[in-house]
Amino acid sequence: MRCRMKLNQNYFNVSDSYLFSDIAKKVAAYQAANPQKKVLRLGIGDVTLPLAPAVVAALHSAADEMGRRESFRGYGPEQGYSFLKEAVRGYYDERGIRLDGGEIFISDGAKSDLGNILDIFGQDNVVLIPDPVYPVYVDTNVMAGRKVTYMNATEENGFLPMPDYSVDADIIYLCSPNNPTGAAYSLQQLKEWVDYANAKGAVILYDAAYECFVSEDGLARSIFAVEGAKACAIEFCSFSKMAGFTGTRCGWTVVPEQLAGGKANRMWLRRQTTKFNGVPYIVQRAAEAVFTPDGRRQIAGNINYYMNNARIIARALEELGIWFAGGKNSPYIWLKCPGGMGSWQFFDYLLENAQVVGTPGAGFGRNGEGFFRLTAFGSEEVTREAADRIKRLLLK
Ligand SMILES: *Cc1c(COP(=O)(O)O)cnc(C)c1O
């Protein structure tokens, strides 16, 4: 059959991601050969605790509203209902960050917005992305036909690359606390990035999906806590890791009025009202409940549960004298494979000798080779047993 239409050739340049399917295959093969062994999974990047009771109650009552003629709602504002935008505004306000309702856009999650935001940027921008990092930044730029420049996140810089004035970047991705490394920028370090972006006339796309895990003073939870950031940054955040919304779907993006003289904000509004249908009313009510006193308390309980798991893993690694980042302000622990092992070599070694599954760092970029990610999103019981097995195996 003849084919006149042309496909977007850029998609052929996106590298196939086999990371999680390769892991699944290896685990399945091991389990088939060793059916009596209990395999413990610390590799998943998804939450496991259920939605908080306050969130579930809000879902129920919003569903009831939708079933009554007098409270039924049809199409809503694409950029989000004002009740939720106000709740998000209050969340920033508590930390001394003043936002306008028009600067907050509710979405179905950070991943969608991180990809879609590229609609408002021209083709010929120099894109700067840390390596290793969350693969969505690279893949969405490659799909759009942009060339990507990498900056090295390494053990030497604590996996927190800093600006290099000899590089002229236009679009800079920062993720803090970071997936996969768990490393988190201090406010001072972020100030250096903001100064660099303002000096170059660049934009920082700041992924704050893990901000709620930050517990130490002096570390950034929002880039807008840094002076000058409203002139150069867009912030992406999500209820996914904060409140277990990975299956419920809700997030928000802040596009400040000051960025590009208001043009970026207006363009994003235009983009969203044209191509995005908004988040379901009932989901926005559920997200609103996250910010109520009950919701806040319940969510804090879940975050503490995960952070306790992170401490269990961190303590085991400290006892073993293994270098790692993360664990304190992040649900991820990023460790250096012992004995100079490669990422996949260590994966096999842990699976075969301790029946513990993690994620090889090499799957997140070139600089991830020789490192390994463990997550705190499992149950405390499994986390404790896995930490004990790792200790017994490596304490030889
Ligand atoms: C999980 C995650 C997100 C959240 O994405 P959602 O689409 O909101 O679920 C964003 N960024 C990073 C780095 C993540 O790991």
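This one's a predicted model, so the numbers in the text were calculated from it and none came from an experiment.

**Section: the side chain of Arg373**
Position of Arg373 among the secondary structure elements: in strand 13 (residues 371-375). The buried charged residue Arg373 lacks any salt bridge partner; its closest oppositely charged side chain belongs to Asp46, at an N-O distance of 10 Å. At 2.7 Å, the side chain of Arg373 forms a polar contact with the side chain of Asn179.

**What about helix 2 (residues 53-66)?**
An ideal rise of 1.5 Å per residue puts 20 Å on 14 residues; helix 2 measures up with 20 Å between its terminal C-alpha atoms. Of all the residues in helix 2, the buried ones are Ala54, Val55, Ala58, Ala62 and Glu65. Mapping the buried residues of helix 2 onto a view down its axis gives an arc of 95°, with all of them on the same face. In helix 2, those exposed residues whose orientation departs by more than 90 degrees from the buried face are Pro53 and His60.

**Remarks on the side chain of Asp131**
Secondary-structure assignment places Asp131 in strand 3 (residues 127-131). Buried within the structure, Asp131 lacks any salt-bridge partner; its nearest side chain of opposite charge belongs to Arg366, at an N-O separation of 4.3 Å. With residues up to four places along the chain from it excluded, the contact list for Asp131 reads Tyr150, Met151, Asn152, Ala153, Phe364, Gly365, Arg366, Asn367 and Gly368.

**Some points on the site of the ligand**
Close to the ligand lie 14 residues, the nearest being Asp207, Tyr210, Ser238, Ser240 and Lys241. At a separation of 2.6 Å, an oxygen atom of the ligand approaches a polar side-chain atom of Ser240. In isolation the ligand has 390 Å² of accessible area, and contact with the protein removes 93% of it. Its atoms largely coinciding with the cavity grid, the ligand occupies the largest pocket. Elements with a contribution of two residues or more to the shell around the ligand: helix 4 (110-116) and helix 7 (239-243). Grouping the constituent residues of the shell around the ligand by class yields six nonpolar, four polar and four charged.

Conventions adopted
Residues numbered from 1 in each chain as written. Predicted model: local features only at pLDDT ≥ 70, side-chain atom pairs only at ≥ 80, totals over all residues. Heavy atoms only, no water. Helix = DSSP H or I, 4+ residues; strand = E, 2+ residues; numbered from the N terminus. Buried < 20%, exposed > 50% of the residue type's maximum accessible area, 1.4 Å probe, protein only. Lys, Arg positive; Asp, Glu negative; His and termini not counted. Salt bridge = Lys/Arg side-chain N within 4 Å of Asp/Glu carboxyl O. Polar contact = N/O pair within 3.5 Å; in protein donor to acceptor, adjacent residues only side chain to side chain. Expected span 1.5 Å × (residues − 1). Arc of directions from axis to C-beta. Contact = heavy atoms within 4.5 Å. Near = heavy atom within 4 Å. Areas by Shrake-Rupley, 256 points an atom, 1.4 Å probe, with all protein chains shown as cover. 1 Å grid on protein atoms, 1.4 Å probe; cavity = no way out; pocket = protein on both sides within 12 Å on 5 of 7 lines; lining within 4 Å. Sits in = over half its atoms within 2 Å of the grid points. Nonpolar A, V, L, I, M, F, W, Y, C, P; charged D, E, K, R; others polar.

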